[in-house]
Number of protein chains: 2
Amino acid sequence: MELEHNRQQASKTNKPVRCIVKLGGAAITCKNELEKINEDNLLSVCSQLRTAMMSGSLSDKVLSLDWSKRPGGSDTAPVVEDFTSQLVPECDNFVVVHGAGSFGHFQASKSGVHKGGLSQPLVKAGFVATRISVTSLNLEIVRALAREGIPSIGMSPFSCGWSTCDRKMDSADLTMITKAINSGFVPVLHGDAVLDASLDCTILSGDVIISHLAARMKPEFVVFLTDVLGVYDRPPSDPNAVLLREIAVREDGSWSVMTPVLQGTSKEVEITVAAHDTTGGMATKISEAAMIARQGVDVYIVKAATSHSVTALSGRLKDDIPEGWRGTVIRFVR
Amino acid sequence: MELEHNRQQASKTNKPVRCIVKLGGAAITCKNELEKINEDNLLSVCSQLRTAMMSGSLSDKVLSLDWSKRPGGSDTAPVVEDFTSQLVPECDNFVVVHGAGSFGHFQASKSGVHKGGLSQPLVKAGFVATRISVTSLNLEIVRALAREGIPSIGMSPFSCGWSTCDRKMDSADLTMITKAINSGFVPVLHGDAVLDASLDCTILSGDVIISHLAARMKPEFVVFLTDVLGVYDRPPSDPNAVLLREIAVREDGSWSVMTPVLQGTSKEVEITVAAHDTTGGMATKISEAAMIARQGVDVYIVKAATSHSVTALSGRLKDDIPEGWRGTVIRFVR
């Protein structure tokens, strides 16, 4: 038993990270209603993640790892025997990072936390209020994942020791995140209010976190789950918007659209930044995605809770992009 | 403005920690009902903490720093003008650590997380379930403190990088906690499930966390807020139980009761450990308190939400123990 246990530990330690998933704020919350989770989407996302992570040893019976009370919910007491008769499921190493959506943005923009200045009472108050809001969302996502049997562990970038200097990443401590992964857990990070050596404080977006994690962990692929099908050549609300299927990123970080072949001379993609989004919208997303792809890590941008996200999370897009698949693949070309 | 800001930052950096407060699980939760907070006690504790921390610049108007929705609660939108017209209140450096009470204990004891062994599905599940439960409580306490205008920041020991080896403290990283304090925040830690280098995992109690924080931070005093008046010579349920007022701790860690003078030859204090308490009850508390006092830091054990806790939190007991005060003082004698 002891030996078996040691063997399992040893084999775990060197297992690389298969996938880093971003749960976009717009996909898992109702963006126009303060602090409201999109329960249907979140449930579907968690179920798809379960399938993707545990593909090798998926049992029919989902054993919830959330044994806490839920408002108006049913009995949460676990049946001990269910666990003792179960083998530890083989589980690919995933890391989850989520955005804020309708959590945190209100508090951050009202107080200007991203601009810094903790000597101002409003900014200091906003820092506390923002962290309360984003950690509330984090807890709900950790619980939703745990109810699908995923061994999720909430980890705030602030507490993990992540900080910035003049809004650029200053310290991104991966020690505890790596230890959690090596112990068989799925770390769940989030966009957070952090300390900034030059400005006192700022907002660290989930996209920037993903970019740093990907650079250090070199996962097989990164998936962005959003509320639209992928990246378009103009705002998706425009009826003439065309979904970009493949974007190629070169060594110098420049990128161009491979398919579809766009009409006209310009291959530039129009990007819009939503006014309420304190951390930059699609602009940040594409440039961060290009930075990730530049390091040889495939990036898939796809609509959450669809058959397309199932395909993306499975990793099958590395070999072949099926005809019917809808989404955007961003990858490195030499 | 910029200069003023820098000056404030500089002066903050060297300010020592005035007090570390333990919010006992039994004092802030209803210990016999799963995951139920003792709202009245928690409100009173937070209000007393506000008075103790901001004694120098207490304004009548409490500005809540919790701008999140509450179930069935009223509007949470802050009035920006209230903050911009306010000076940053002078605030003594406090650190808050809370126990689990009816949060976490059920999940931990059902699964045996404290005994380790993450290769067992039940233990791994219990680790996730325990962290969900204790971080839920942490969030509620951070919010309750923030509603009293205290700039509270939730920090999980697990995420901060605290871990054990064979249940003894292995790594207690104070970097982010110190940075948070120097930025004017009040870190709120909690008893947590952590990784253990020898056992895979275990439970790190709030009392052990306090002991390590006190040894490194050397606060002026430590206050344990509990659900009884202090330490008794036998279980407090015994009608003949006598409240111990002063316990002296010597260089070698041994301790004896100074007042009241106990009848009989034995000065030994009977201690009981509640069966449901996975981290050890009064036994752990006294020995941890003695370890803290041995380093010259006064320890006050007092009933939460009473006039006695107001006195203890004010720090006045350092000079004089008033006649009518009820509680236990544990201090170093040469």
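S.K.: Looking at this model, I keep getting lost on the relation of the copies chain B and chain A. Mind explaining?
M.R.: Structural alignment of chain B on chain A gives an RMSD of 0.0 Å, achieved by rotating through 180 degrees and translating 0.0 Å along the axis. Read as a symmetry element, the transformation amounts to a two-fold axis. Relative to the rotation axis, the closest C-alpha in chain B is found at Cys160(B), a distance of 2.6 Å. Comparing interface residues between copies, 100% of those in chain B also lie at the interface in chain A; the contact surface is shared.

S.K.: Where do I start with the interface of chain B and chain A in this structure?
M.R.: Bring the parts together and some accessible area is lost; that lost area is often taken as the interface size. Between chain B and chain A, the contact holds 62 residues from the first and 63 residues from the second. Considering only the side of chain B, the residues that lose the most area to chain A are Trp67(B), Lys124(B) and Ile132(B), jointly responsible for 12% of the buried surface there. Summed over the shared surface of chain B and chain A, the number is 0 salt bridges. Run the count over chain B and chain A and you get 12 residue pairs in polar contact (both at pLDDT 80 or more). Secondary-structure elements contributing two or more residues to the side of chain B that touches chain A are helix H1 (2–13), helix H4 (80–84), helix H5 (105–111), helix H6 (121–147), strand S3 (152–154), helix H7 (157–160) and helix H8 (175–182) of chain B. It is H6(B) that provides the largest number of residues to the side of chain B that touches chain A, a total of 17 residues. Residue composition of the side of chain B that touches chain A, grouped by class: 31 nonpolar, 22 polar and 9 charged.

S.K.: Help me out: how do you make sense of the pattern of salt bridges in this one?
M.R.: Once the charged atoms of two side chains with opposite charge are near each other, the side chains can pair. Residue and element names in this part refer to chain A. In this structure the tally under the stated criterion is 20 salt bridges over all chains. Measuring nitrogen to oxygen at the nearest pair gives 3.7 Å for the salt bridge that ties Arg-18 to Asp-92. Of this pair, Arg-18 sits in the loop between helix H1 (2–13) and strand S1 (19–23) while Asp-92 is found in the loop between helix H4 (80–84) and strand S2 (94–98), placing the two residues 74 residues apart along the sequence. On the basis of relative accessibility, which here comes to 17%, the residue Arg-18 falls in the buried class. The class of Asp-92 is partly exposed, set by a relative accessible area of 24%. Arg-234 is the partner of Asp-233 in a salt bridge, and the nearest nitrogen-oxygen pair spans 2.7 Å. What emerges from the salt-bridge pattern is a single network uniting Arg-18, Asp-92 and Glu-220.

S.K.: Please clarify how the sheet that holds strand S12 (residues 298–303) of chain B should be interpreted in this entry.
M.R.: What links the strands of a sheet is backbone hydrogen bonding, and the strands pair in either a parallel or an antiparallel sense. Residues and elements named next belong to chain B. The 9 strands are arranged S3-S6-S2-S1-S9-S12-S13-S10-S11 in an open sheet whose pairing can be described as mixed. For this open sheet the edge positions go to S3 and strand S11 (255–259), each flanked by a neighbour on one side alone. Averaged over neighbouring strand pairs, the angle between their axes works out to 20 degrees when direction is ignored. Relative to strand S13 (residues 328–332), S12 runs antiparallel, the two sharing 3 bridges. Across the sheet, residue Ile-301 finds its bridge partner in S13, namely Thr-328. Packing of helix H9 (residues 206–217) onto the sheet brings it into contact with strand S1 (19–23), strand S2 (94–98), strand S6 (186–190) and strand S9 (221–226), and relative to S1 it is tilted by some 180 degrees.

Conventions used here
Residues numbered from 1 in each chain as written. Chains lettered and ligands numbered in written order. Predicted model: local features only at pLDDT ≥ 70, side-chain atom pairs only at ≥ 80, totals over all residues. Heavy atoms only, no water. Least-squares fit on C-alpha atoms with pLDDT ≥ 70 in both. Contact = heavy atoms within 4.5 Å. Buried area = accessible area lost by both parts, 1.4 Å probe. Salt bridge = Lys/Arg side-chain N within 4 Å of Asp/Glu carboxyl O. Polar contact = N/O pair within 3.5 Å; in protein donor to acceptor, adjacent residues only side chain to side chain. Helix = DSSP H or I, 4+ residues; strand = E, 2+ residues; numbered from the N terminus. Nonpolar A, V, L, I, M, F, W, Y, C, P; charged D, E, K, R; others polar. Buried < 20%, exposed > 50% of the residue type's maximum accessible area, 1.4 Å probe, protein only. Pairing = 2+ DSSP bridges. Axes fitted to C-alpha atoms, helices over the stretch in contact; angles between N-to-C directions.

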